[in-house]
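Structural features, examined
What follows is each chain in one-letter form.
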Amino acid sequence: MRPTKETGILTVAGVSDPRKKGGPIEARFNERQQIFELPPSRAAVADRLREALDRGAPVKAVLNPRRGTLERAESVTERELRAFEKERILLPEPSRPATVDLARIDPTTFNIVDHYLNWPSFQLCTKVIPSYKVAKDIFDFCAAQSCHLPGPYAISHCIPFQYVRDGCYARAHKMRQIITDQYGYCCEKVFSFAIPYPTRLALKAGKWGGCCVTWWYHVAPLVRVRIKIKLRSFNFEFVLAMVIDPGMFDKPVLLSTWLGAQEDQTCWSAGPAKVTKYSIQPGSAYWPADGQGNTFATDPNYTQTHQTLVGYKNLTTCP
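Since the structure is predicted, the reported quantities are computational estimates derived from the model, not experimental observations. (Residues numbered from 1 in each chain as written. Predicted model: local features only at pLDDT ≥ 70, side-chain atom pairs only at ≥ 80, totals over all residues. Heavy atoms only, no water.)

**Some words on the sheet that holds strand 13 (residues 277–282)**
- If you trace the six strands from one edge of the open sheet to the other, you get 6-13-7-10-11-12, paired in antiparallel fashion. Either end of the sheet is taken by a strand with one partner, and the two such strands are strand 6 (98–99) and strand 12 (253–254).
- Sheet topology places strand 6 next to strand 13; two bridges connect them, and they run antiparallel. Across the sheet, residue Ala-98 finds its bridge partner in strand 13, namely Tyr-278. (Pairing = 2+ DSSP bridges. Helix = DSSP H or I, 4+ residues; strand = E, 2+ residues; numbered from the N terminus.)

**A few points about the state of the cysteines**
- In the structure shown here, the tally under the stated rule is four disulfides.
- One disulfide bridge connects Cys-125 with Cys-186, the sulfur atoms lying 2.0 Å from each other. Taking the torsion about the S-S bond as the criterion, the Cys-125 to Cys-186 disulfide, at about -85 degrees, is left-handed. A residue pair is termed long-range when its members are at least 10 positions apart, and Cys-125 in the loop between helix 4 (107–110) and helix 5 (132–143) and Cys-186 in the loop between helix 6 (168–182) and strand 7 (188–193) qualify at 61 residues.
- By relative accessible area, which is 2% here, Cys-186 ends up buried.
- Each sulfur of the disulfide joining Cys-147 and Cys-158 lies 2.1 Å from the other. Measuring the twist about the S-S bond at about 100 degrees, one finds the Cys-147-Cys-158 disulfide to be right-handed. Residue Cys-147 is found in the loop between helix 5 and helix 6, and its partner Cys-158 is found in the loop between helix 5 and helix 6; the two are separated by 11 residues along the sequence.
- For Cys-158, a relative accessible area of 12% corresponds to the buried category.
- Disulfide connectivity for the chain, with bonded cysteines indexed by sequence position, reads 1-4, 2-3, 5-8, 6-7.
- There is no disulfide at Cys-168, and the cysteine sulfur nearest it, in Cys-187, is 14 Å away.
- Of all cysteine sulfurs, the one in Cys-142 lies closest to Cys-187, which takes part in no disulfide; the gap is 8.8 Å. (Disulfide = S-S within 2.5 Å. Buried < 20%, exposed > 50% of the residue type's maximum accessible area, 1.4 Å probe, protein only.)

Geometric values such as these leave the question of function open.
See the structure below:
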């Protein structure tokens, strides 16, 4: 089951205005991919969130992940603010996100690194995965560390792939540690965004019971995989961008496939289910920091990562 209460020091990514759109007020936080709502009667809380957003100040939020609601939002103390600012290390010189219309891309070319995809983060590391088989081996190792399996686990903390409503940032960062430290290959992060309101990312959690899940962003490890094809007397070689996401899939998938899975229109009828932007950042990027995908925070010591893995290890996605 999902928890009924969760408290955190969070930065506001966005707050909807129900007077313009109708329905509940929607609150988005950089440190949570799940979207939270509050009724129009709690407009004073929404105003507090907007003020915090304008000032770039964190709030102490009390969330109900099971209902997807924001229960309270309070100002942080000076001590809490100092601790928050000390731990918040931003990624230097992040790339700007790219707008995308998945209905218009050509998947036969979109996924080819240095042909269509030419992100600056690719220049930071050159040791790409040499074959799809190696990529599948890495995927299978990561998937075997899932908290829903009995173990024993080969890493210090199991990864809660069975809980995809939130925590993608921690799952992605732990897999990044595995890919770089244990296997020695490059690992970037790919972020997808649904901006602005009421757009959402939406998918059916087929691996975990088939219920629908919506987010305002999602992140997973992106790896570059060298593919060799022999066709008659010709040898072709190219590098593909593939995503490792055992919470959604049973194998590595092309970047376009990963993005497309987040546009399940049957799972979000109140507004378009659509990836509006995506961004490929260095593997050190942890979660967004400004609500627009322009800046990112990091977790160099895996402190936030391990706290989230432990906190979510016993949770489930579908009722």
